[in-house]
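One letter stands for each residue in the lines below.
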Protein chains: 2
Amino acid sequence: MKIAVDAMGGDFAPRNTVQGAVEACREFQLPVILVGREQEIHRELDRLNVGGLPIEVVHAEEVVGMDEPAVTAIRKKKKSSIRIGARLVKDGDAQGFVSAGNTGAVMATSKIVMKSLEGVQRPALATVVPTMTGASILLDVGANVDCRAKHLMQFAVMGSFYAEAILGRKNPKIGLLSIGEEETKGNEQTRQVFDILRQSSINFVGNVEGRDVFNGSVDVIVCDGFVGNITLKVSESLAETMEHLIRSEIKKSILARIGYLFMRPAFRKFKKRVDYSEYGGAPLLGISGVTIICHGRSSAKAIKNAVRVAGDFCAKDVNGQISRGLAELVRQEESVSIR
Amino acid sequence: MKIAVDAMGGDFAPRNTVQGAVEACREFQLPVILVGREQEIHRELDRLNVGGLPIEVVHAEEVVGMDEPAVTAIRKKKKSSIRIGARLVKDGDAQGFVSAGNTGAVMATSKIVMKSLEGVQRPALATVVPTMTGASILLDVGANVDCRAKHLMQFAVMGSFYAEAILGRKNPKIGLLSIGEEETKGNEQTRQVFDILRQSSINFVGNVEGRDVFNGSVDVIVCDGFVGNITLKVSESLAETMEHLIRSEIKKSILARIGYLFMRPAFRKFKKRVDYSEYGGAPLLGISGVTIICHGRSSAKAIKNAVRVAGDFCAKDVNGQISRGLAELVRQEESVSIR
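Criteria and thresholds
- Residues numbered from 1 in each chain as written.
- Chains lettered and ligands numbered in written order.
- Predicted model: local features only at pLDDT ≥ 70, side-chain atom pairs only at ≥ 80, totals over all residues.
- Heavy atoms only, no water.
- Contact = heavy atoms within 4.5 Å.
- Buried area = accessible area lost by both parts, 1.4 Å probe.
- Salt bridge = Lys/Arg side-chain N within 4 Å of Asp/Glu carboxyl O.
- Polar contact = N/O pair within 3.5 Å; in protein donor to acceptor, adjacent residues only side chain to side chain.
- Helix = DSSP H or I, 4+ residues; strand = E, 2+ residues; numbered from the N terminus.
- Nonpolar A, V, L, I, M, F, W, Y, C, P; charged D, E, K, R; others polar.
- Pairing = 2+ DSSP bridges.
- Axes fitted to C-alpha atoms, helices over the stretch in contact; angles between N-to-C directions.
- Left-handed = near helix turned anticlockwise from the far one by under 90°.

Visitor: Summarise the interface of chain B and chain A; cite the residues concerned and give the values.
Guide: Where the parts come together, the accessible area they lose is often given as the size of the interface. The partner chain A presents 48 residues to the 48 residues of chain B that form the contact. Counting each side, the surface lost to burial between chain B and chain A is near 4,800 Å², with a carbon and sulfur contribution of 76%. It is B:I179, B:F226 and B:F270 that lose the most area in chain B upon contact with chain A, and together they represent 13% of the buried surface on that side. Between the two partners, chain B and chain A, sit 4 salt bridges. B:D146 is the partner of A:R191 in a salt bridge, and the nearest nitrogen-oxygen pair spans 4.0 Å. Run the count over chain B and chain A and you get 10 residue pairs in polar contact (both at pLDDT 80 or more). Looking at the side of chain B that touches chain A, the elements with two or more residues in it are α7 (188-198), α8 (225-251) and α9 (254-274) of chain B. Take the side of chain B that touches chain A: its biggest share by element is 18 residues, from α8(B). The class makeup of the residues in the side of chain B that touches chain A is 25 nonpolar, 14 polar and 9 charged.

Visitor: Run through the sheet that holds strand β6 (residues 135-139) of chain B, naming residues and quoting values.
Guide: Residue and element names in this part refer to chain B. Here 11 strands make up an open sheet; going across it, the order is β3-β2-β1-β4-β11-β10-β5-β6-β9-β7-β8 and the pairing mixed. Each of the sheet's edge strands pairs with one partner strand only, and the pair in question is β3 (55-59) and β8 (204-208). The sheet shows a mean angle of 25° between the axes of neighbouring strands, taken without regard to direction. In this sheet, strand β9 (residues 220-222) lies alongside strand β7 (residues 174-177) in parallel orientation, the contact comprising 3 bridges. Opposite G175, over in β9, you have I221 as the bridge partner.

Visitor: Describe the packing of helix α4 (residues 81-90) of chain A against helix α5 (residues 103-114) of chain A, naming the residues involved and giving the relevant values.
Guide: Residues and elements named next belong to chain A. Put simply, α4 and α5 touch, their axes get as near as 9 Å, and they point 35° apart. For the pair α4 and α5, the crossing hand works out as right-handed. Residues I82, R83, A86, R87, V89 and K90 of α4 pack against A105, V106, T109, V113 and M114 of α5. For the contact of α4 with α5, the per-class residue count stands at 7 nonpolar, 1 polar and 3 charged.

This is how it looks when you write it as structure tokens:
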């Protein structure tokens, strides 16, 4: 198994990306292929002690900018590190692709190059969120803004198998993100999805509310990509704001500063627990291949963990499970003739 | 001016509601009318020293349960404290109504009894959120789940006048909650709203993302009630989860506990800053009257501040400003013949 890493993607590329890939290679014995401008990659590798490690470099002369529209990136940059990385997976030269580059371009390129799994209408971006009791999966967090009920149904199935594989949950509890627990609550879309999910074989526990996202009451939270993306970014923003406000209060008082020194190890443990970089990126579920998308501001540790997740994803055959799960659903639908 | 307070609404009624109303009456010299079961109200008043304060009691024999469907509350409980409180405003016996009761029932009853302001198609629930730099207004947070572009346009106008009146912002900056800043980003709904807002006379600064909700980059954030409600509840949930996780880390170490003692005043100041009860409830904007809706778990302080907000709302004639603003918009639309 080999994992391709987009060496040029992200705000701190190629430094963090190369370092993270090297650390993954060393720590998890996973062979990696660094994709990007050869010279720049070798300059980074020279700084690190990589003798004997199974690291390859594949040259890609173009780089997609972080704010470039996905459409122009796809049309005009056929030699980008994103395109070539995705191609390596398609051709079987790598089994997974990790990128902290332009999210829209990575998603669109992965869909175009690797194609969707049979039966999947819309691949979805799934992320792990830390909760009161451990972690849950939230999807879709941005791959699909306008969804139909059937798409959300597929997200639920894909999320269920992902939670089983990555979080080790048996028969994961699936909740539909809405604005009230009763089935009559929500908007037109969620009411339709509720009906479909209730009749399926997955472990659907009903609607959940915004307050359930972080309390760990379910293993998988399903929503469309518009709501999911806002949920994710609101959470990041609130966590940053809280930290900023607490820091500014601490700065105002000498006693508080002393207190902070005593508390620092506890704060560090807390931060480690809620740190996205521990969870290693978000997979684009439903493509015929493995793409793990990382935050643009990814640290080397985040890249390292994303490479680990890509490896797990392959080793546990998440795609095979998703395919079989969707096929099973289709059989059920046919037998009860839901359309 | 008199403010009616639903003495029976909320998880801690009538204790917190009566106490909060009395404190508002004492602190802000605002006459209040307590609405609910007379005997229970008087029992609470007897515990408090209210001699000489301008407090009236209006009997309402029915109470709407916190989880009761709004529809049955409206049809079957014509003598509820919510119904009678709203009626007092309609009849001019009170100028505002404050309730921590069943949110759905308070919204629906207020709309039915007080009616909408002329030109308002959908009243919206607006809440104040603490930000990195102060506070912003977020609306709609739950009054309307399925909205059309025109409704969001009206939310923007109402939010603008509310921010001006309550936060004292001149020509408030309005942002549309979406998943990318460019006008082409978002879902079908936000793209339509973007076009309409850009052509209007309000100070529309464009799309904002989830990360902007708490960073104070705009004064008013507009979204539909489904997205707004999830945003609000996700935020509450994350804040609680962070507090819980920090506490559990602190408990594990004696040094951290000592540190916490030193830091407690700083934490208290932080909590005061982000405490919803300081901001005093969410007005239902766009009704021909004043209804302030409080959190079900409201403390006496939250009720007190909601009474203050109701008073401000009247004194600053927010409704008059909204009416004039909407009329102005209609004139503009006619002159450029947007439909």
